[in-house]
Structure formats: C-alpha cells, structure tokens
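One-letter residues, chain by chain:
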Amino acid sequence: MDAYDHCCSTQLVDGDGNFNITGLENFTKEVKLVECGLSYAVVSIMGPQSSGKSTLLNNLFHTNFREMDAFKGRSQTTKGIWMAKCVGIEPCTIVMDLEGTDGRERGEDDTAFEKQSALFALAVSDIVLINIWCHDIGREQASNKPLLKTVFQVMMRLFSPRKTTLMFVIRDKSKTPLENLEATLRDDIQKIWDSVPKPQAHKETPLSEFFNVQVVALPSYEVQEEQFKEQVAELRQRFFHSIAPGGLAGDRRAVVPASGFSFSAHEIWKIIRENKDLDLPAHKVMVATVRCEEIANEKCGSFLANEEWRQVEEAVHSHPVTGFGRKISLILDTYLSEYDTEATYFDEGVRSSKRKQLEEKLLQLVQPAHQSMLGHLRSGTLERFKVAFEAALNEGKGFAAAARHCSESFLSQFDEACADASIEQAKWDTSKIRDKLRRDIDAHVAAVRTAKLSELTTLYETKLNEALSGPVESLFDEASDDTWSAIRKLLRSETETAISAFSAALSGFEIEEAVKEKMLLKLKDYARGVVEAKAKEVAGRVLMRMKDRFSTIFSYDSDSMPRVWTGKEDIRAITKTARSSSLKLLSVMAAIRLDDEADDIDKALSLALVDTRSAASTNKDGTLLDPLASSTWNGVPPTKTLITPVQCKSIWRQFKAETEHTVTQAIAAQEASKRNNNWLPPPWAIVALIILGFNEFMTLLRNPLYIGIIFISYLLVKALWVQLDISGEFRNGALPGLLSLSTKFLPTVMNLLRKLAEEGQRPANPTTQQNPPLDSKSFRGNASEYSGVSSSGSSTVTVSENGNEYVSPSKND
C-alpha cells in the first residue's frame, strides 16, 4: 500500500461545486507536474453512481480513491471531482474520478452538476472512460443513453473542441461476444450523436471528428476477481506512452502545458459554473498569456536578484567593467533560455510576444548600466587621447598630422571597445556617443590649437620685442640724420627673420592660406608697433635725453675726458654744438618715420629755434609769424606725430632754461681760472721795473751777501706761501681769503720758528769739524733744509673755507 500513497489523491471540486485551487497547486507541486511540459495525460471517468468507477481506477492506476462498501448498501461514495496521479505509468498521467450520475442524493431533476462535471472532463481530459453495465447495452431506456446524451450535448458548448478518446468500459461482461457488444454499442452511440441538436457549423460533422471511440470489456469484479485483475493489468499497459503516436491519446489537439494546467483547470471550471460556452482556442490563448506573463515576471525578478548582474551594475557606475557586453549577454541569454524552456508549449504567438516583452524589459533594466559603460569608455578614450596627443606634440610631430592620427586611432579604439561592450540581445546605436566623443576630441584639438598658436605668436612677438626694443632705444640715444634709416633697416631685417621662422612653424598646423597671411600680417604689425611704442616711450623722455646729450657734449671733450675751463676754450662754440646735437635729438623724436617719407621737421626746428633771424617772416599786416605755432607738422599725419611743433617749442624753451646754469658756471670757472693764472704784472710794469731798478740790481751783483739774504727771504716767503696755501685761500674771493690768512698767519710763523730752533739744536756730525767755516755751499744747503722744513710744515695746518683750522697732508707729500 506504500506505492498507493504516492498517488496524492486530492478533491478538486467539492460537492457544492467549489474549486480547490490551493489543493490543486499543492498537488501539481507534489507530483512535479510543472516539469512535464506537454508530456502528461489526463484521464477521467464517468458513469452511473455505484457502477464501480473508483474500484476500476484504483486497480487500473494504483490510486486510492474511496470505494463503495457493498455491505452498507449502494450509495454515493465520490462527491464532486477527485484527482490523483497514476502510479508507475509514463508519461505522468492524472486521473479524475467524477461524481456518479443518476444518483438519488441529487434528485431526479438536478442534472446541472453532472453536466458541468462532464463538460469539465471533456475540456481537460485526453481520455474519458465511460463505465457502463453490460446488460444495459441495447436497451432503449437504459441508463447509458442519458449519460451519452449529456456528453454529446455539453460537447456542443465547446468551440473547436479537442479530440478526445472515449473508452467505453463494459463491466460484468456476459457470454455475448465483444464484437457483437461493440457493434451494438457503436450503433447506439451514432444514433445518440445524430439525435443531439448541433450548431449550424457542426450539422454535418461526423462523430469521429470529435471522438476516438474505444471499447473494452471486463469481467465481474465480485464474481471473477482474479480474471478481472488480469484483464485490468492488460488494459493498464495501454496507458503507457498514451500520448505517443498510435497511443490512446496520440491524436489529441490543443494541449495545455503542464505548468498552465492548474490555472487552465480553474478558469475552465469558473466559466462552466457561470454557465457560459467554453471557447477552447481563446481559453488556450488566455492561459498562455497568463502563464507566459508569470514566467516572464519570474525571470525578470530572478535577473534582478542575480548576484553577478548586481555586481556588474554596481561596478559599472564607478569604472568600466572588462567584458561587460559578454557578461551581460550571457546573463540575459540564461534567463531568456529559461523562459523559452518553460514557455515552449504555450501558444506560439503569445509566447513570442511575451518573450519580446521580457527581452525589452530586461534590456530596459540593463540600458542604464550600458550607458554608464559607454560613458566610461568615452571619457577614458578622451583622456587617453589627450595624453597621446600631447606626447605626439612633444615629440615634434606636426600639429595637424598628430591630431589626425590620434583622432583616427582613438576613435577606432572606441569602436572596438563599444563592440566589446555591446549586448547581443540589443541593437542599440552607439553613433551618438561616438559623435559626442568626436566633438569632444575636436573641441580639445581646437583648444590646444588655439593655445599653441597663441603660444607660438607670443614667442615670436617676444623675440621681436627683444630684438627691436634695445637696439631701437640705442639708436634713439645716438640720434642723427641716419637714425630712422637704421631703424627701418633693423625693423625690416628682424621682421623678415621672424616671419620666415613663424611661417615655417605654422606649416605644421595646415592653416588656410588666408588665415596664415592674416597671422603673418599681424606679426608684422606687431613688430612695427614695438618700434612705434618704443619711439613714443623715448619721446616722452625727450627733454631728459636732450639735457643728458647737452651735458655729455658740453662737459666732455672729443676724447670723453672732462673739460677743465682754463680760459682757452670757446664756450660759445661748444654750447652751440651741444645745443645743435640736442636739437637733432628733438627733431628725430618729433615724428615716426617708418615709411621712408621725407619731411622738413629738422629744417623747421633749426630755423625756428637756432637761426631765428632767417626763419622770421611777417604777415601782410606786418606781424611776425612763428613757424612752430602749430599742432601738426607739414606733410606728417597726426597718427605719426610724436611731438607737435608747439610742444617742441615748449620743450626747447625749458631745455635752454635748464642748461643755462651749466653754461654760466663754465663761464665763471673760466674767468676764475684766468684770474688765478695771471700773476705777472703787465709788460709796461716789467719794463719800468727793469729801468728804475737797474742801480739796485747792480748793487746786488757787487755785494753777494744781499743775494743770500734775498734768497733766504725768498725761501721763507715760499715756505709761508705753501704752508698758508695763499692761492687756494683767495680762490673763493679776496675777503674770505684775507680773513682765513689772518687766523692762520701767526700760528704758521710760530711753527716755522719752532722748526728752525729744533734744527739749530740738533748735534753736529762727529766726523766733521766742530765749527766749520761758512761758505756759499753750506748756506745753500741750510737754505734747502729750511725749504724742507717749510715744506714739511705745510702739512700741519690748513684753514677751511669757513676759517676753521684742520690738519691735512700737504700737496707735496
């Protein structure tokens, strides 16, 4: 009996017509019906009450349906519809035991439930067993005819009914041959079929279109139990592989897949209980729709719970995932394949539609991650492009060639990465992401190009500035008639050099010729602007430069030695030369002359500021005209004017005023030098002295002692002259000199006497005589000593300009 426990018998519909949906779901799980697909069969049995239906099923399929106890009388044992799994039969076979018909418990007129149960059995069963008594065959009013009429009548309520196998099981077979019984039974069945009202569409439809009729006979269970069991065992064999071609249900149609059986059975019973006609094709589509949608939702939920997908989804938000497309494609393929496996037996149209919806839903879940992956690929490719592009430029490759090569290379890499990240189930277009990457690359190239061109332009502008600023300023410092000619030559030379190098540098950028010419012209204008800016800068300091030039020429000679105003220099000529040179500087700085156009600025300044007489002219009314009383130069546009004529006149006036003091000091110094150097008396005085002093001169010649006294006096006076620095004292004027000498005279005389006394007390040389006689040589030697004493004494006391004494070394030291 242990084997019978595996039949899992369950009441499907109770006696009141309530459908046990929970029990059916538990039953399908217990017998693993969902795994069967289409490889299952449903068998049901109908027949009069107490006709041995449950006994037949229990012996035929090893089930454990409740059987009638003969000792308790004939009564209803099966209420409603029961179902169980046939034990030991392949494929999986489900058997339903229907409540018997014509029972006294429901009454004579209550046939609603038996019609509903019969319609339900025909709608869900592949094989219907009709249990009839042998002695009722051939009887007009036997109980089998109402049952058959019920079966055929409810059959008409099925639109496009499935082909069902009707197996008539003749119970308690008599001695009449089975062939005769079968012929009679088939004749009765045909008569009943012909008598049943049919819809217009099935007026001429033969019975064989709806039913495959089989007839078997079994001996009495009570009288011939052993023989009954043997024939039941033989009949059992016919239920093996019943759905295979040639089997009992080999030509069945419109089978509901096992996974949809529970839902389908419930919906069919609901429609039958509502007393509606049952459209099996539409019901099949409805079942397929519900079940495929359930399967799709289940697969979608499983996908969301998939650990690998969750890891990939989390990772791809922060960084690119290697093998993204392959991983996601495999995960999607797994769940789509599972859907295909579970939904393979449902209606193809519904199955395909729901699969497409599932695929679209899964792809919608995957798309954000795919977009994130493409975003990482785009940003990563852009960053690698920037690095590679910068490296290519640093290696000295041409800008345009490097940009083109790097762009093509990294766009190709992006295409490969997109192909690797693509999902097989999706046909997403990545062209927009690629276009955005290209725009980003082009924008970066344009930005770098602008920066490089700006950097290149700045480089050559700096070079031009360095090459022109210093030399131009130096040329302005040496202003002459050839200054602007030299500046133009310098500007042309440096500009040509810079333009040539700049043009060669621009060749790598592959710039349009018009743009290139514009950039070269801009560089030329910049070079010209440097010169003009430097000219304006120098012109702003022209007065200072004129004074510097005047001071240089006036204060230094041709050998760059400082001038000493001794009285022989022609200060007027020197002043005129210095002022003319300064005026030349002013005329050079008056206007910009980069276009080699002649002007008369130099002449106008010379006539107006130097040769004023020849420049003077009068109006018709006799008033004097001023050639510099204007704000513009003749023939010079205002844009090229640096110093207007009026400004030149003002600058020259200020220049003369500020340099006049220097000339005055030079004249004063020259006059002072003349006075200091003119110590001899006039020639007439010298002649008078010679004539009037002839007698005294002869007297000196006759008496040499006078000459010695005069010589000694000369030495003493010379010593005082040197010591008192008389010429230096009178350099600042007569009165200050006399005051200074008056304070220094007495100390100086006392100092000289002290020195002489010290020389007189010095001990004589022991090798010489104690009192040597005086002669002229010794007198001269002593005089020399006195001279030395005077000379040395001159280094001790000096009177300053303010009359104070201070010790200073002598000029003779």
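Reading guide: rules and limits
Residues numbered from 1 in each chain as written. Predicted model: local features only at pLDDT ≥ 70, side-chain atom pairs only at ≥ 80, totals over all residues. Heavy atoms only, no water. Helix = DSSP H or I, 4+ residues; strand = E, 2+ residues; numbered from the N terminus. Buried < 20%, exposed > 50% of the residue type's maximum accessible area, 1.4 Å probe, protein only. Contact = heavy atoms within 4.5 Å. Areas by Shrake-Rupley, 256 points an atom, 1.4 Å probe, with all protein chains shown as cover. Pairing = 2+ DSSP bridges. Axes fitted to C-alpha atoms, helices over the stretch in contact; angles between N-to-C directions. Phe/Tyr/Trp six-rings, centres within 6.5 Å; stacked < 30°, edge-to-face > 60°. Lys NZ or Arg CZ within 6 Å of the ring centre and 35° of its normal. pLDDT = per-residue confidence, 0-100. Expected span 1.5 Å × (residues − 1). Arc of directions from axis to C-beta. Core = buried A, V, L, I, M, F, W, Y, C linked by side-chain atoms within 4.5 Å. Salt bridge = Lys/Arg side-chain N within 4 Å of Asp/Glu carboxyl O. Parallel < 35°, antiparallel > 145°, perpendicular 65-115°, else oblique. Left-handed = near helix turned anticlockwise from the far one by under 90°. Right-handed = clockwise from strand over helix to strand, strands pointing away. Polar contact = N/O pair within 3.5 Å; in protein donor to acceptor, adjacent residues only side chain to side chain.

Quick look at the overall build of the chain
Phase 1 of the analysis: Scanning the chain from terminus to terminus reveals 26 helices and 13 strands.
Phase 2 of the analysis: Considering the chain as a whole, with its 813 residues, one finds that 41% of them fall into the buried category.
Phase 3 of the analysis: Summarising the internal contacts of the chain: among those between residues at least 6 apart in sequence, 72% fall at separations of at least 24.
Phase 4 of the analysis: Working note: accessible area of the chain is about 44,700 Å², and carbon and sulfur atoms make up 53% of it.

Things to note about the sheet that holds strand β7 (residues 164–171)
Phase 1 of the analysis: The sheet built from 7 strands is open, its strands ordered β1-β3-β4-β2-β5-β7-β8 with mixed pairing. Only two strands of the sheet have a single neighbouring strand rather than two, namely β1 (10–13) and β8 (211–218). Averaged over all pairs of adjacent strands, the angle between strand axes in this sheet comes to 25°, irrespective of strand direction.
Phase 2 of the analysis: Two elements, strand β5 (residues 127–133) and β7, share 7 bridges in a ladder whose sense is parallel. Bridging across to β7, Val-128 finds its partner in Leu-166.
Phase 3 of the analysis: Across the face of the sheet, helix α2 (residues 53–61) comes into contact with β2 (40–46), β4 (92–98), β5, β7 and β8 while running at roughly 165° to β4.
Phase 4 of the analysis: The strands that helix α6 (residues 225–237) touches are β7 and β8; relative to β8, the one it contacts most, it runs at about 155°.

Thoughts on the environment of Leu-56
Phase 1 of the analysis: Tracing the backbone shows Leu-56 in helix α2.
Phase 2 of the analysis: Remark: the alpha-carbon pair of Leu-56 and Leu-218, spanning 162 residues in sequence, is separated by 9.8 Å.
Phase 3 of the analysis: Aside from chain neighbours lying at most four places away, what touches Leu-56 is Ile-45, Asn-131, Val-169, Arg-171, Leu-218, Phe-228 and Val-232.

Considering the packing of aromatic side chains
Phase 1 of the analysis: Within this structure, the stated rule accounts for 18 aromatic pairs.
Phase 2 of the analysis: Considering the side-chain rings of Phe-476 and Trp-484, the 5.3 Å spacing of their centres and the 70° angle between planes classify their relative orientation as edge-to-face. The same class applies to Phe-476 as to Trp-484, namely buried.
Phase 3 of the analysis: Ring pairs connect the aromatic residues Phe-385, Phe-389, Phe-399, Phe-410 and Phe-509, which therefore count as one cluster.
Phase 4 of the analysis: Here the guanidinium or amino end of Lys-463 rests over the ring plane of Tyr-460, the centre of that ring lying 4.9 Å away.

Comments concerning the confidence of the model for the chain
Phase 1 of the analysis: Considering every residue of the chain, the mean pLDDT works out to 81; 86% of them sit at 70 or more.
Phase 2 of the analysis: Predicted confidence for residues 70–76 stays below pLDDT 50, and this span has 11 contacts to residues more than four positions away or in other chains.
Phase 3 of the analysis: In the predicted structure, residues 766–813 sits below a pLDDT of 50 and forms 58 contacts with residues beyond four places in sequence or in another chain.

A word on unusual backbone geometry
Peptide bonds are trans in most cases, and residues, glycine excluded, mostly fall at negative phi.
Phase 1 of the analysis: A cis amide bond links Glu-90 with the next residue in sequence, Pro-91, at an omega value of -5°.
Phase 2 of the analysis: Residue His-241 is not a glycine yet carries a positive backbone phi of 50°.
Phase 3 of the analysis: Within the secondary structure, His-241 sits in the loop between α6 and α7 (261–273).
Phase 4 of the analysis: Its relative accessible area of 52% is what places His-241 among the exposed residues.

Quick look at the pairing of β2
Phase 1 of the analysis: In terms of burial, β2 is largely enclosed, as 7 of its 7 residues are buried.
Phase 2 of the analysis: Every second residue of β2 is oriented toward a common face, with Tyr-40, Val-42, Ser-44 and Met-46 on one face and Ala-41, Val-43 and Ile-45 on the other, all of them buried.
Phase 3 of the analysis: In the sheet, β2 pairs with β5 via 4 bridges, with the strands oriented parallel. Paired with Ser-44 across the bridge in β5 is Val-128.

Regarding helix α5 (residues 178–195)
Phase 1 of the analysis: Along its 18 residues, α5 runs 25 Å from first to last C-alpha, staying within 8% of the 26 Å computed at 1.5 Å per residue.
Phase 2 of the analysis: Turning to α5, its buried residues number three or more, namely Leu-181, Leu-185, Asp-188, Ile-189, Ile-192 and Trp-193. All buried residues of α5 lie within an arc of 135° about the axis, which places them on one face of the element. Turned more than 90 degrees away from the buried face of α5, the exposed residues are Glu-179, Lys-191 and Asp-194.

Some details on the nonpolar core
Phase 1 of the analysis: Core analysis: the largest hydrophobic core is formed by 174 residues, its most contacted members being Phe-120, Phe-152 and Phe-211.
Phase 2 of the analysis: For this core, the element with the most residues is helix α11 (residues 348–394), which contributes 14 residues.
Phase 3 of the analysis: Excluding residues within four positions of it along the chain, Phe-120 makes contact with Leu-12, Phe-19, Ile-81, Met-96, Ala-265, Ile-268, Trp-269 and Ile-272.
Phase 4 of the analysis: Cys-86, Val-87, Ile-89 and Ala-249 belong to the second largest nonpolar core, which has 25 residues in total.

Regarding helix α15 (residues 513–540)
Phase 1 of the analysis: Its 28 residues place the ends of α15 40 Å apart at the C-alpha level, agreeing with the 40 Å of an ideal helix rising 1.5 Å per residue.
Phase 2 of the analysis: Among all positions in α15, only Lys-516, Met-519, Leu-520, Leu-523, Ala-527, Val-530, Val-531, Lys-534, Ala-535, Val-538 and Ala-539 are buried.
Phase 3 of the analysis: Check the buried side of α15 and you find it contacts α13 (431–477), α14 (483–506), α16 (542–555) and α17 (571–589).

Some thoughts on the pattern of salt bridges
Phase 1 of the analysis: Throughout the structure, instances matching the rule amount to 31 salt bridges.
Phase 2 of the analysis: With its nearest N and O atoms 2.7 Å apart, the salt bridge here joins Lys-299 to Glu-342. Of this pair, Lys-299 sits in helix α8 (residues 280–305) while Glu-342 sits in helix α10 (residues 324–343), and the two are 43 residues apart along the sequence.
Phase 3 of the analysis: Residue classification places Lys-299 among the buried residues on the basis of a relative accessible area of 4%.
Phase 4 of the analysis: Among the residues examined, Glu-342 registers a relative accessible area of 30% and is labelled partly exposed.
Phase 5 of the analysis: With its nearest N and O atoms 2.4 Å apart, the salt bridge here joins Lys-547 to Glu-658.

Thoughts on the environment of Ile-441
Phase 1 of the analysis: On the secondary structure map, Ile-441 appears in helix α13.
Phase 2 of the analysis: Sequence-wise, Ile-441 and Leu-411 are 30 residues apart; in three dimensions their C-alpha atoms are separated by 9.3 Å.
Phase 3 of the analysis: Sequence-distant contacts of Ile-441, defined by excluding residues within four places in its chain, comprise Leu-382, Phe-385, Ser-407 and Leu-411.

So, the packing of helix α1 (residues 21–30) against α7
Helix-helix packing: each pair is described by the crossing angle between the helix axes and the interaxial distance.
Phase 1 of the analysis: Interaxial distance between α1 and α7 falls to 10 Å at its minimum, and their mutual angle equals 155°. By the criterion of interaxial angle, the relationship of α1 to α7 is roughly antiparallel. For α1 against α7, the interelement crossing comes out right-handed. Seen from α1, the contacting residues are Ile-21, Leu-24, Glu-25 and Thr-28; seen from α7, they are Phe-261, Ser-262, Ala-265 and His-266.

Looking at the environment of His-319
Phase 1 of the analysis: Inspection of the secondary structure puts His-319 in the loop between α9 (307–316) and α10.
Phase 2 of the analysis: Judged by relative accessible area, which is 39%, His-319 ranks as partly exposed.
Phase 3 of the analysis: Along the backbone, His-319 and His-376 are 57 residues apart, and their C-alpha atoms lie at a distance of 6.5 Å.

Some words on the side chain of Asn-58
Phase 1 of the analysis: Its location among the elements puts Asn-58 in helix α2.
Phase 2 of the analysis: Judged by relative accessible area, which is 8%, Asn-58 ranks as buried.

A short note on the pairing of β8
Phase 1 of the analysis: Most of β8 sits inside the fold, with 6 of its 8 residues counted as buried.
Phase 2 of the analysis: Relative to β8, β7 runs parallel, the two sharing 8 bridges. Opposite Thr-164, over in β8, you have Phe-211 as the bridge partner.
Phase 3 of the analysis: What joins β7 to β8 is α5, and the crossover it makes is right-handed.

With respect to the side chain of Ser-220
Phase 1 of the analysis: With respect to the secondary-structure elements, Ser-220 resides in the loop between β8 and α6.
Phase 2 of the analysis: Its relative accessible area of 13% is what places Ser-220 among the buried residues.
Phase 3 of the analysis: At 3.4 Å, the side chain of Ser-220 forms a polar contact with the backbone nitrogen of Glu-222.
Phase 4 of the analysis: At 3.3 Å, the side chain of Ser-220 forms a polar contact with the backbone nitrogen of Val-223.
Phase 5 of the analysis: Sequence-distant contacts of Ser-220, defined by excluding residues within four places in its chain, comprise Asp-172, Glu-225 and Phe-228.

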